Amino acid sequence: MKKTWFKELSVYQIWPRSFADGNGDGVGDLTGVLGKLDYIKSLGVDAIWFSPLYASPQKDYGYDIADYYNINPEYGTMEDFKAVLDGAHSRGMKVIMDLVVNHTSDQHEWFKKSAAKDPKYKDYYIWRPGRGKDGKKFPNNWMSTFPGNAWQWNEERGEYYLHLFAVEQPDLNHDNPAVREEVKNVMRFWLDMGVDGFREDVITYISKREGLPNGFPLPIMRGMEHYSPGPNIHKYLKEYRQVVKNYDAFQLGEAPMMTPKNALKYITEGEDQQLDMMFQFQHMEADCFMTSYLRTKFNLRKLKKVYRNWQHKMYGVAWNTNYLENHDQPRVISRYGSEKFRRESGKALATLYTFMSGTHFVYQGQEIGMLDYPFKGWDDFVDVATFCAKDIMEKTHLFSEKKVFENCAYAARDNARTCMQWSAEENAGFTTGKPWFHVNPNYKQINVAAEESDPDSILNYYRAVIALRKQYKDAAIYGKYVEKLGRSKKIFAYDKLAEDGGVMTVIINMTDGEVAFPSGCVPTGAKQLISNYPGAPGSVMKPYEARVWYTAAPGK
Ligand code: GLC
Ligand code: CA
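The structure presented is a predicted model; accordingly, all values stated were derived computationally and were not measured. (Residues numbered from 1 in each chain as written. Chains lettered and ligands numbered in written order. Predicted model: local features only at pLDDT ≥ 70, side-chain atom pairs only at ≥ 80, totals over all residues. Heavy atoms only, no water.)

A. The arrangement of the site of ligand 1 in detail. Near ligand 1 there are 14 residues, and of these Asp60, His103, Asp201, His327 and Asp328 occur at the shortest range. One of the side-chain N or O atoms of His327 is found 2.8 Å from an oxygen atom in ligand 1. The contact in question runs from an oxygen atom of ligand 1 to an N or O atom on the side chain of Arg413, over 2.9 Å. Coverage of ligand 1 by the protein amounts to 97% of the 310 Å² it exposes when considered alone. Residue composition of the shell around ligand 1, grouped by class: four nonpolar, three polar and seven charged. When we break the shell around ligand 1 down by domain, the ones giving at least three residues each are domain 1 (7-102 + 177-459) and domain 2 (103-171). (Near = heavy atom within 4 Å. Polar contact = N/O pair within 3.5 Å; in protein donor to acceptor, adjacent residues only side chain to side chain. Areas by Shrake-Rupley, 256 points an atom, 1.4 Å probe, with all protein chains shown as cover. Nonpolar A, V, L, I, M, F, W, Y, C, P; charged D, E, K, R; others polar. Domains from an automatic or database assignment.)

Right, here's the structure in full:
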């Protein structure tokens, strides 16, 4: 496997609004980030990915961009951004920007001019006349990802526009070469400033089938077979790739509903490659069916199968990403672990994914074991996606009112967006003002300061596994994945084989009970690298017990 710097990164994701408030207005900002760079560096990570920092009306918290060339005033100025960029670089950390080009905000100048039929901008978006006698019927039956129909009427233009996300997020028309030039200009602007790569938002959706035919009559995501992916996706991505080729930067595409087989069409290394890696979603579906709103019991074997599949199919030909949390996913301890065994399961999960092959991601708060928020009523949510899901679940009449609420509370992206818990002080030390969003009431126990002062904390465990991932990179980062005890519903175990014959062995009890320790899985002469329980293994593994060993090749 070819070695490159971006494959070895551990990346810390910042969702700026809830990370750290530097000026006391209750909203996270770049001054806040600047003050935390040493903390971020102390985790041992090598890069920061910023969720969108650009000017935006915040209908989808930054994923609705009104100006790609300016910083959201709530977050600061371009000077503030440059200070953060320099501050990160001078500490040896790369900076990755979110590139959101499937859609813009409806407040973007391009959209306003397009609605007004300005000749230059008229075809920047996907406009269609209404159908039917009154001309008001939707152009087709597509649905948006935030469930609802995918079309919005625009009075000024007298036509519908397509939006695959919120109403305020009109889809750009990438079939228009002028739009593609705009995208390339945006990319060049940030690369010239010195950013080191892009995380490209729902990038596999940018091409839509010509004629926009009706979709297969599914109750959700109707129409997706016509844009996920669309016919010109590879052509457009290759164009965008040309821009990045001139820089020492990488591209990470977010790819909903992606399978390993299809992923290889984008990320197989070589001349035709369009992206360096992808965020796929399959490993986040071990506790749900299709969508996180349809909850099922956590299924370890389902999870194993996904890792087996991706680790094997990418090996030697393409590159994976490894994440368990981000701004769209509820907190992983609350999903795949146990709040009761927060410390043990937080460390078990950290162990599980850190030694897989792939670029490694940690989301703000994950490293201190933050948990889901105890939502009490609908007023507690702010995310548009939750309200759309509520709406559609109510319309199906399949769930009781109580169940609709429970489903939403479990799946809500708001779980990941509560304020970062820095200390036991007021507002968890996130702000000196009034926080824009909830602080989890558990902040007095769960916060960075408390975790710092405890050598046995989840935070210090993250530091340790991140360091081990680098120290044993030939096995952990580049090694070949070999699953162990594949049929076990309780134990997650695997080896990572380095080219020089070294073997890393990972064994985790993924249950809240005791299980027999599979001693046969550990090679003789193996040296234990880390565990979340002190000492050598006993004959039973304790709840969420995790252990990692390394066996050097003979003579090494
Ligand atoms: C991506 C983002 C998500 C956003 C959506 C629309 O999935 O991660 O937060 O709402 O795209 O931009
Ligand atoms: Ca602020």
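B. Inspection of the coordination of the calcium ion (ligand 2) at higher detail. Around the calcium ion (ligand 2), the protein supplies Asp21 (OD), Asn23 (OD1), Asp25 (OD), Val27 (O) and Asp29 (OD) as donor atoms, at distances of 2.2 to 2.3 Å. Summarised as a motif, the one-chain spacing of the donors to the calcium ion (ligand 2) is D-x1-N-x1-D-x1-V-x1-D. Under the relative-accessibility criterion, Asp25 is labelled partly exposed at 39%. Exposure remark for Asp29: the relative accessible area of 3% places this residue in the buried category. (Donors = N, O, S within 2.8 Å, 3.2 Å for Na, K, Ca; no water. Buried < 20%, exposed > 50% of the residue type's maximum accessible area, 1.4 Å probe, protein only.)

C. Structural context of the pairing of strand β15 (residues 359-363). Burial analysis of β15 places five of its five residues in the buried class, which makes it a mostly covered element. Alternating positions in β15 separate into two faces, Thr359, Phe361 and Tyr363 on one and His360 and Val362 on the other, with burial throughout. Pairing geometry for strand β1 (residues 10-14) and β15, over four bridges, is parallel. Across the sheet, the residue bridging to Gln13 is Tyr363, located in β15. Across two bridges, the pairing between strand β14 (residues 321-322) and β15 is parallel. In the sheet register, Asn322 faces β15, and the bridge partner there is His360. (Helix = DSSP H or I, 4+ residues; strand = E, 2+ residues; numbered from the N terminus. Pairing = 2+ DSSP bridges.)

D. Focus on the sheet that holds β15. On the basis of which strands lie adjacent, the open sheet formed by eight strands has the order β11-β10-β9-β5-β2-β1-β15-β14 and parallel pairing. Looking along the sheet, the strands with just one partner apiece sit at the ends: β11 (277-279) and β14.

E. Just the packing of aromatic side chains, in detail. In the structure shown here, the tally under the stated rule is 45 aromatic pairs. Measuring from ring centre to ring centre gives 5.5 Å for Trp5 and Phe6, while their planes differ by 80°; the resulting arrangement is edge-to-face. What makes Phe6 buried here is its relative accessible area of 10%. Look at Trp142 and Tyr227: their rings are 5.4 Å apart centre to centre, the planes differ by 50°, and that puts the pair in the tilted class. One end of the pair, Trp142, is in the loop between β6 (127-128) and β7 (151-154); the other, Tyr227, is in the loop between β9 (197-200) and α6 (233-245), with 85 residues separating them in the sequence. What makes Trp142 buried here is its relative accessible area of 1%. (Phe/Tyr/Trp six-rings, centres within 6.5 Å; stacked < 30°, edge-to-face > 60°.)

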